[in-house]
Amino acid sequence: MDRRTYLGTVGIAGLTSVAGCLDGTIGGGETGNGSSDSGAPNTILEPPEMDLSESSHPSYGDELPSLSLPDPLIDETISTDQFEGERAVLMTFVYTNCPDGMCPALTLRLRRTQEVAAENGFSDDVALLEMTFDPERDTESKLRTFADEQGVDAEADNWHFLRPETYDRAKTIMTEDIGLPFKKTDAPEYDHLEYMFPHYNLILLANKRGIVERAYPNGASIDPSKVIDDVETVVTE
Amino acid sequence: MRRRDVLAGLGSVGVVAGAGVMAVRGPPSLDGNTGTGESQPGDSDETDSTNTEPLTIETIDAPGSEADAFRVPAADRATFLDFFGTWCPPCVEQMPALAEANERIGDEVLFMSVTSESIPNEELADWWEKHDGSWLLGLDPTAELTARYLAGGYPSAVAIDASGTVQWSDSGIKTADELVAGIEQALAAGGQ
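Residues numbered from 1 in each chain as written. Chains lettered and ligands numbered in written order. Predicted model: local features only at pLDDT ≥ 70, side-chain atom pairs only at ≥ 80, totals over all residues. Heavy atoms only, no water.

In the annotation of an unreviewed UniProt entry, the entry for chain B reads Thiol-disulfide isomerase or thioredoxin, and the organism field reads Natrinema hispanicum. According to the UniProt record, the Subcellular location (unreviewed entry) comment for chain B reads "Cell envelope". (UniProt positions renumbered as here; feature names shortened; annotations may be inferred.)

As recorded in an unreviewed UniProt entry, chain A goes by the name Protein SCO1/2, listed as coming from Natrinema hispanicum. The UniProt entry for chain A carries this comment under Sequence similarities (unreviewed entry): "Belongs to the SCO1/2 family."

Spelled out as structure tokens, the structure:
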């Protein structure tokens with residue numbers, strides 16, 4: 001479905017943020033597939049407390065967007081589809097130059113899930129996918145460094161950095177597949193940055209059928225234990 | 001959490017920043033949303049965790065710190081935690097404010113900086129010395145403590161009273177006055 005069609009269907013909204021990464025939900029006019037009715041048959045979790053079915057990004061009951069992208073650390077193409085029947089998917093979108101700590105905060109949710117999965121024996125039931133939308137700067141070595149900085153076990157089988165080949169491809173994925181506004185901007189207030197990406201702090205959780213169980217639009221601030229509990233429920237029920 | 005209110009009226013316009021969430025109807029303009037590294041509004045309520053079971057945090061040998069283990073949060077006094085990373089430029093920028101806050105009020109609380117990164121202790125201690133750290137330096141290798149208290153991005157600060165209740169937390173670069181004021185909230189709350 002074409003999510004762009006409903007960015008713009010509803011009135012102009014003001015938007016303020018103090019951070020280079022935006023925390024929020026983007027609403028739209030229609031969801032297109034109407035699969036977010038309560039008790040969606042392909043989901044394990046109950047419908048979320050906050051109905052996000054009108055949002056422009058995938059939400060409860062939607063199919064996880066099908067993406068095939070290189071994992072530069074293992075030099076293999078990873079597809080979101082390959083986990084169907086095997087692993088739930090917890091996915092987020094970052095860039096390692098993120099100046100205000102929001103991308104590390106997103107990464108923390110995935111990293112804690114990795115830790116608890118190892119402790120509780122469900123490491124093989126979840127795939128942790130972190131896509132950079134800044135492939136021009138986020139090279140393989142940069143991603144490895146980022147993993148160390150964030151305490152991620154990037155060598156584990158359940159962790160994949162995904163790196164689109166080009167900026168344009170990253171932009172297409174973010175705007176069309178994920179349904180979020182996306183823009184490269186100047187970063188005059190950061191001496192060490194030539195440009196940055198104000199972006200939404202979205203985390204997606206899909207079950208082993210590839211159906212979205214949760215979209216966390218406040219992914220950088222949501223209680224990590226909430227995300228972990230949801231993942232554990234999805235993989236163990 | 002009152003997020004549903006936010007979404008109640010389709011077609012309603014605007015932004016509600018309650019709990020670090022903004023609901024947006026229509027195409028948001030990204031122009032001007034240039035980050036400042038300052039705090040996210042309202043994000044501290046997300047960190048008001050109900051799980052107050054203390055953790056054991058190891059500290060390392062570094063200026064003002066020695067290899068030891070501490071119950072965090074402390075049982076007998078208030079606790080101040082600074083979550084940082086050596087990779088984080090704003091964290092470097094905040095070090096003088098932390099040093100001043102520690103000078104002014106550090107004796108009254110368990111005052112500790114904590115990192116969850118994967119880095120050898122020697123490198124961490126070198127970084128600490130270079131940036132004039134002079135208080136306890138703790139490790140959170142599983143990020144459990146960080147996950148419990150991080151209030152948005154890095155750096156992030158939290159002041160916990162002696163009963164284990166979070167009295168103040170925020171992210172972004174703070175001044176010494178802001179840090180001290182936050183710690184004073186935890187001291188004023190008592191909790192013993």
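**Student:** Just checking my understanding: could you explain the overall build of chain A for this structure?
**Tutor:** Helices and strands together make up the secondary structure of chain A, namely four helices and twelve strands. Sorting the 237 residues of chain A into buried and exposed places 62% on the buried side. Contacts spanning at least 24 positions in sequence make up 72% of the contacts within chain A whose residues lie at least 6 apart. Looking at chain A as shown, the accessible area adds up to about 8,600 Å², and 42% of this sits on carbon and sulfur atoms. (Helix = DSSP H or I, 4+ residues; strand = E, 2+ residues; numbered from the N terminus. Buried < 20%, exposed > 50% of the residue type's maximum accessible area, 1.4 Å probe, protein only. Contact = heavy atoms within 4.5 Å. Areas by Shrake-Rupley, 256 points an atom, 1.4 Å probe, with all protein chains shown as cover.)

**Student:** What exactly am I supposed to notice about unusual backbone geometry here?
**Tutor:** The bulk of non-glycine residues show a negative phi, and the bulk of peptide bonds are trans. Residue and element names in this part refer to chain B. Cis geometry marks the peptide bond from V72 to P73; its omega dihedral reads -5°. Locating P73 in the fold gives a position in the loop between β3 (68-72) and β4 (78-83). Even without being a glycine, D132 presents a positive backbone phi close to 60°. Along the chain, the position of D132 falls in the loop between α3 (121-130) and β6 (136-139). Exposure remark for D132: the relative accessible area of 58% places this residue in the exposed category. For A143, which is not a glycine, the phi torsion comes out positive at approximately 65°. Along the chain, A143 falls in the loop between β6 and α4 (144-149).

**Student:** When you look at the sheet that holds strand β7 (residues 159-162) of chain A in this model, what are you seeing that I'm missing?
**Tutor:** Strand pairing in a sheet takes place through backbone hydrogen bonds and is either antiparallel or parallel in direction. All names here are of chain A. Within the open sheet, the five strands sit side by side as β7-β6-β5-β11-β12. Their pairing is mixed. One side of each edge strand has no neighbouring strand; the edge strands of this open sheet are β7 and β12 (212-216). Across the sheet, the mean angle from the axis of one strand to that of its neighbour is 15°, orientation sign disregarded. Across four bridges, strand β5 (residues 88-94) lies against strand β11 (residues 203-206) in antiparallel orientation. Its bridge partner lying in β11, V89 is registered against A206. (Pairing = 2+ DSSP bridges. Axes fitted to C-alpha atoms, helices over the stretch in contact; angles between N-to-C directions.)

**Student:** I'm lost on the state of the cysteines in this one. Help?
**Tutor:** Formally, a disulfide is one covalent bond, and it connects the sulfur atom of one cysteine to the sulfur atom of another. All names here are of chain B. Counted according to the given criterion, the structure contains two disulfides over all chains. Covalent S-S linkage joins C88 and C91, the inter-sulfur distance amounting to 2.2 Å. A torsion of 75° about the S-S bond marks the disulfide between C88 and C91 as right-handed. C91 shares its class with C88; the two are buried. (Disulfide = S-S within 2.5 Å.)

**Student:** When you look at the UniProt feature "binding site: Cu cation" (unreviewed entry) in chain A in this model, what are you seeing that I'm missing?
**Tutor:** All names here are of chain A. Mapped onto this numbering, the UniProt entry annotates "binding site: Cu cation" (unreviewed entry) at C98, C103 and H199. Over a stretch of 102 residues, the named residues converge on one spot in the fold, their C-alpha atoms separated by at most 9.7 Å. In this structure, C103 sits in helix α1 (residues 102-120). The exposure class assigned to C103 is buried, which follows from its relative accessible area of 0%. Checked against the element boundaries, H199 lands in strand β10 (residues 199-200). Relative accessible area serves as the criterion here: at 2%, H199 is assigned to the buried category.

**Student:** Explanation requested: the sheet that holds strand β5 (residues 109-115) of chain B in the structure shown.
**Tutor:** Residue and element names in this part refer to chain B. Sheet architecture is open: seven strands sit in the order β3-β2-β6-β5-β4-β7-β8, paired in mixed fashion. Each edge of the open sheet is held by one strand with a lone partner, namely β3 and β8 (166-171). The mean inter-strand angle of the sheet, taken between neighbouring strand axes irrespective of direction, is 30°. Summarising the sheet, strand β7 (residues 156-160) and β8 pair through five bridges and their orientation is antiparallel. The partner of V158 across the bridge, within β8, is S169. Taken strand by strand, helix α2 (residues 89-105) contacts β4 and β5, and its axis lies near 160° from that of β5. The sheet contacts of α3 involve β5 and β6, and relative to β6 the element is tilted by about 145°.

**Student:** Would you explain the packing of α1 of chain A against helix α4 (residues 224-236) of chain A in this entry?
**Tutor:** What describes two packed helices is the angle between their axes and the distance between those same axes. Residues and elements named next belong to chain A. One way to put it is that α1 packs onto α4 with a least axis distance of 9 Å and a crossing angle of 50°. Our classification of the angle between α1 and α4 gives oblique. As for the relative orientation of α1 and α4, their crossing is right-handed in sense. Two secondary-structure elements touch here, α1 through R109, R112, T113, V116 and N120 and α4 through P224, V227, I228, V231 and E232. Along the lines of polarity and charge, the residues of the contact of α1 with α4 split into five nonpolar, two polar and three charged. (Parallel < 35°, antiparallel > 145°, perpendicular 65-115°, else oblique. Left-handed = near helix turned anticlockwise from the far one by under 90°. Nonpolar A, V, L, I, M, F, W, Y, C, P; charged D, E, K, R; others polar.)

**Student:** Any chance you could explain the side chain of R112 of chain A here in plain terms?
**Tutor:** Relative to the helices and strands, R112 of chain A is located in helix α1. One buried charged side chain, R112 of chain A, makes no salt bridge at all; its nearest oppositely charged neighbour is E144 of chain B, positioned 4.3 Å away. Among the polar contacts made by the side chain of R112 of chain A, one reaches the main-chain carbonyl oxygen of T142 of chain B at a distance of 2.7 Å. Here R112 of chain A is in contact with I228 of chain A together with T142, A143, E144 and A147 of chain B, once residues within four sequence places are set aside. (Lys, Arg positive; Asp, Glu negative; His and termini not counted. Salt bridge = Lys/Arg side-chain N within 4 Å of Asp/Glu carboxyl O. Polar contact = N/O pair within 3.5 Å; in protein donor to acceptor, adjacent residues only side chain to side chain.)

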